[in-house]
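Descriptive structure summary
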Amino acid sequence: MPATVKGKLTIDGCELDITNPDKLLWPEDGITKLVYLQRLGELAPYLIKHCRGRYLTTIRYPNGIDGKSFYQKNCPQPQPPFVQLAEQSGIHYVHLDSLPTLLWLGNLAALEFHASFDRINEPLVPTEWVLDLDPSQDEEPRIMEAAMRVGDVLHSLGIRSIPKTSGATGVQITVPLQRDLSFDELRHIGLFIGEYLTSTYPDLFTIERLKKNRGKLIYVDYLQHYQGKTLSAPYTPRARPGAPVSTPLTWDEVRRSPHPTEFNLLTIGKRLSQMGDLMEQTEPQQLRPILEFISKR
Amino acid sequence: MHTVWKGAISFGLVHVPVKMFSATEDKDISMRMIHKVCGTPIAYVRQCKTCEVDVEWADIAKGYEYEKGRFVLFEKEELDQLGSDGSKTIKIVDFVDLHEIDPIYFQKTYYLSPDQAGGNAYNLLLEAMKQSGRIGIAQISIRSKSSLAAIRVMDNCLAMETIFYPDEVRPISQVPGLPEKVDVNEKELSMAAMLIDQLSTPFEPDQYQDDYRVRLMDMINKKIAGEEVHVAPEQQRTNVVDLMAALQASLEAVNTDTTEKPAKTKAPAKKKPARKKAE
């Protein structure tokens, strides 16, 4: 087939143009746009669930992951009639709430989906809390060990959490929340946990903000979780070799220290059909007593 | 030397791309502030008293206090837009004689070198100014601030002095205690004139040095040699570990009667119920 083939797709009564289905988006992995759209279809129920109600930033790679990329916050034009918008500070974000919208973005070579922590309707009320573990080295064999340490500390405080690969090199620890804490209050707890981790495992963790001063330590980023900031959404693909997908894991999986690329566009469908959405399997946690305790110090 | 600014000189229709370098540097010996009690360098924190948080740069705007406690806020972009029409130029508007500008106007000196293919235009401007013996008065905008400058020739280099706007120079009439009419003793005057004569010499800047700096550097070296050295103590972090232990113990005490899921334990009943889950 020539590379300029166009096709029309009708999904849920919405008509969608598909352009260049044979364009290689992950060339090394042989993933064409057509394959990508098929895989997005598998991811759709999960990815959409975690982007719905949030402001979406996508990263587009019109010529595949080795080509130029750009961040897209404002809705691309022309905007199809089925695409909903959400406005914040003069930016008209796409509201990713349906399969047609997801596939439309996929056809525009949006390969990464980053969702805001703040909700469209309740911007000041975080519904989860995230600690982002960000390695300073491209290959960090200790990242899963580090995640385990964080999980253990939270567990010792009676907090249940879900580890998820960022899809790149990091791991993010998510705690679903009862909606009674502010972003600032969560930073208090984050600083406390971060200080505890760095003093207990000084060879593993740092809370140093300047990258150049972090050495080989893993950065406990408790500051990223804030209104106006975004995080790679659960189940977003990443524009990296191996087509990794940001994937929630069980703590047992973390214990066997898997490589983040084990969870990728080609394997994710089967995993999801077996395990469902791990993000949904932990009930909202109560963190206020902890905040009150550490605030008294 | 590293480039502090890139742009262009424009005069008439001529456009000269240039790079700018600081011509002078402050050699003051800088010292840090140390807590005498323990020898730790003082940290500066940007703190908000209301939110009781350390404030990140991203959360900081600039505010103009138009009356006590009342501000109008500006984002960086707004100020940048004001700065100029966005053009990065040194626009020469007039040529004057150097001696027409009183030294009080001079602020800071920069060297300008030709950038990219600007060599020819640069040489032309340099030579023309050399021959006319005049200096250019220019309007410049650097980092969202506009100011006035004088462009002159130093050997084979164009130099730029930023100069104060007239309303930034305070009038002499505001200086207290100045004599209204000069009335001096003739004899004293001739003696003073003689003294000036004796001390008159050509200006040779090399013969002056910063004695204070030399003495201070001496003293620093003596202190290092005599091991009179204070080392900042390692940050003590035991408190956070203690706090964690205390917190764990207190949670354990609350949870002794429950199994496995401590997080679900009801906190003391004062809390409002969690809102219904959306979606």
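1. Examining the overall build of chain B
Looking only at helices and strands, one finds 5 helices and 13 strands in chain B. Counting every position in chain B, which comprises 279 residues, the buried fraction comes to 21%. Relative to all contacts within chain B whose residues are 6 or more apart in sequence, the contacts with residues 24 or more apart total 58%. Accessible surface computed for chain B: about 22600 Å², of which carbon and sulfur atoms make up 55%.

2. Quick notes on the overall build of chain A
In terms of regular secondary structure, chain A is built from 7 helices and 15 strands. Scored against the burial criterion, the 297 residues of chain A give a buried share of 57%. Residue pairs in contact within chain A that sit at least 24 positions apart in sequence constitute 67% of those at least 6 positions apart. Accessible surface, chain A as shown: approximately 12400 Å² in total, 50% of it carbon and sulfur.

3. Observations concerning the sheet that holds strand β13 (residues 205-206) of chain A
All names here are of chain A. Across the sheet, which stays open at both edges, the 5 strands sit in the order β11-β12-β10-β14-β13 with mixed pairing between neighbours. What marks the edges here is a single partner per strand, and that holds for β11 (162-165) and β13. Packing against the sheet, helix α3 (residues 143-156) makes contact with β10 (128-134), β11, β12 (171-176), β13 and β14 (218-221), and its axis sits at approximately 20 degrees to β12. Sheet contacts for helix α4 (residues 183-200): β10, β13 and β14; angle to β10, the most-contacted strand, approximately 35 degrees.

4. Re the nonpolar core
One broad trend across soluble globular proteins is that nonpolar side chains are buried collectively. In terms of nonpolar packing, the biggest core is built from 44 residues, with W129(A), L133(A), I189(A), I193(A), F205(A) and L287(A) touching the most fellow members. Listing elements by their share of this core, those giving two or more residues are β10, α3, β12, α4, β14 and α7 (288-295) of chain A together with α5 (238-255) of chain B. Counting residues per element, this core draws most heavily on α3(A), which supplies 8 residues. Non-local contacts of L133(A), meaning those with residues more than four positions away in its chain, are made with I143(A), A146(A), A147(A), V150(A), G170(A), V171(A), I173(A), F205(A), I218(A), Y219(A) and V220(A). Among the nonpolar cores identified, the runner-up in size contains 42 residues, and C14(A), L56(A), V94(A) and L105(A) belong to it.

5. Looking at the pattern of salt bridges
Residue and element names in this part refer to chain A. A full pass over the atoms with the stated rule returns 19 salt bridges over all chains. A salt bridge links K49 to D277; the shortest N-O distance between them is 3.0 Å. Pair noted here: K49 is in helix α1 (residues 33-51) and D277 is in the loop between α6 (268-275) and α7, with a separation of 228 residues, a long-range link. What makes K49 partly exposed here is its relative accessible area of 24%. For D277, a relative accessible area of 6% gives the class buried. In this structure, the salt-bridge partner of R288 is E185, at a minimum N-O distance of 3.2 Å. In this pair, R288 is assigned in helix α7 and E185 in helix α4, connecting sequence segments 103 residues apart. Among the residues examined, E185 registers a relative accessible area of 22% and is labelled partly exposed. Salt bridges linked by common partners bring K49, D277 and E280 together as one network.

6. A look at the packing of α4(A) against α7(A)
Residues and elements named next belong to chain A. Contact geometry of α4 with α7 gives a least axis separation of 10 Å together with a crossing angle of 70 degrees. Regarding the angle of α4 to α7, the classification is roughly perpendicular. Along this stretch, α4 crosses α7, giving a crossing that reads as left-handed. Between α4 and α7, the residues in contact are E185, H188, I189 and F192 and R288, I290, L291 and I294, respectively. Partitioning the contact of α4 with α7 into residue classes produces 5 nonpolar, 1 polar and 2 charged.

7. Considerations on the packing of aromatic side chains
As enumerated under the stated definition, the model contains 7 aromatic pairs over all chains in all. Arranged with centres 6.3 Å apart and planes meeting at 25 degrees, the rings of F203(B) and Y208(B) form a pair that is stacked. An identical accessibility class is assigned to F203(B) and Y208(B); each is exposed. Above the ring of Y226(A), the side-chain terminus of R187(A) is found at 3.7 Å from the ring centroid.

8. Focus on the sheet that holds strand β9 (residues 110-119) of chain A
Residue and element names in this part refer to chain A. Taking strand neighbours across the sheet as the criterion, the 4 strands line up as β6-β5-β9-β15 in an open arrangement whose pairing is antiparallel. Only two strands of the sheet have a single partner each, and these edge strands are β6 (70-72) and β15 (230-232). Across the sheet, the mean angle separating the axes of adjacent strands is 30 degrees when strand polarity is ignored. Against the sheet, α1 touches β5 (54-60) and β9, its axis set at about 5 degrees to β9.

9. Description of unusual backbone geometry
Residues and elements named next belong to chain A. With an omega of -5 degrees, the peptide bond between Q77 and P78 qualifies as cis. Mapped onto the elements, P78 comes out in the loop between β6 and β7 (84-88). Despite not being glycine, N20 shows a phi value in the positive range, around 45 degrees. Within the element layout of this structure, N20 appears in the loop between β2 (14-19) and β3 (24-26). The phi torsion at A109 lies on the positive side, around 65 degrees, for a residue other than glycine. Along the chain, the position of A109 falls in the loop between α2 (99-107) and β9.

10. Focus: the environment of A23(B)
Residue and element names in this part refer to chain B. Inspection of the secondary structure puts A23 in the loop between β2 (14-22) and β3 (34-35). The sequence separation of A23 and Y111 amounts to 88 residues, and the corresponding C-alpha distance is 5.6 Å. Setting aside its immediate chain neighbours within four residues, A23 contacts T109, Y110 and Y111.

Conventions we followed
- Residues numbered from 1 in each chain as written.
- Chains lettered and ligands numbered in written order.
- Predicted model: local features only at pLDDT ≥ 70, side-chain atom pairs only at ≥ 80, totals over all residues.
- Heavy atoms only, no water.
- Helix = DSSP H or I, 4+ residues; strand = E, 2+ residues; numbered from the N terminus.
- Buried < 20%, exposed > 50% of the residue type's maximum accessible area, 1.4 Å probe, protein only.
- Contact = heavy atoms within 4.5 Å.
- Areas by Shrake-Rupley, 256 points an atom, 1.4 Å probe, with all protein chains shown as cover.
- Pairing = 2+ DSSP bridges.
- Axes fitted to C-alpha atoms, helices over the stretch in contact; angles between N-to-C directions.
- Core = buried A, V, L, I, M, F, W, Y, C linked by side-chain atoms within 4.5 Å.
- Salt bridge = Lys/Arg side-chain N within 4 Å of Asp/Glu carboxyl O.
- Parallel < 35°, antiparallel > 145°, perpendicular 65-115°, else oblique.
- Left-handed = near helix turned anticlockwise from the far one by under 90°.
- Nonpolar A, V, L, I, M, F, W, Y, C, P; charged D, E, K, R; others polar.
- Phe/Tyr/Trp six-rings, centres within 6.5 Å; stacked < 30°, edge-to-face > 60°.
- Lys NZ or Arg CZ within 6 Å of the ring centre and 35° of its normal.

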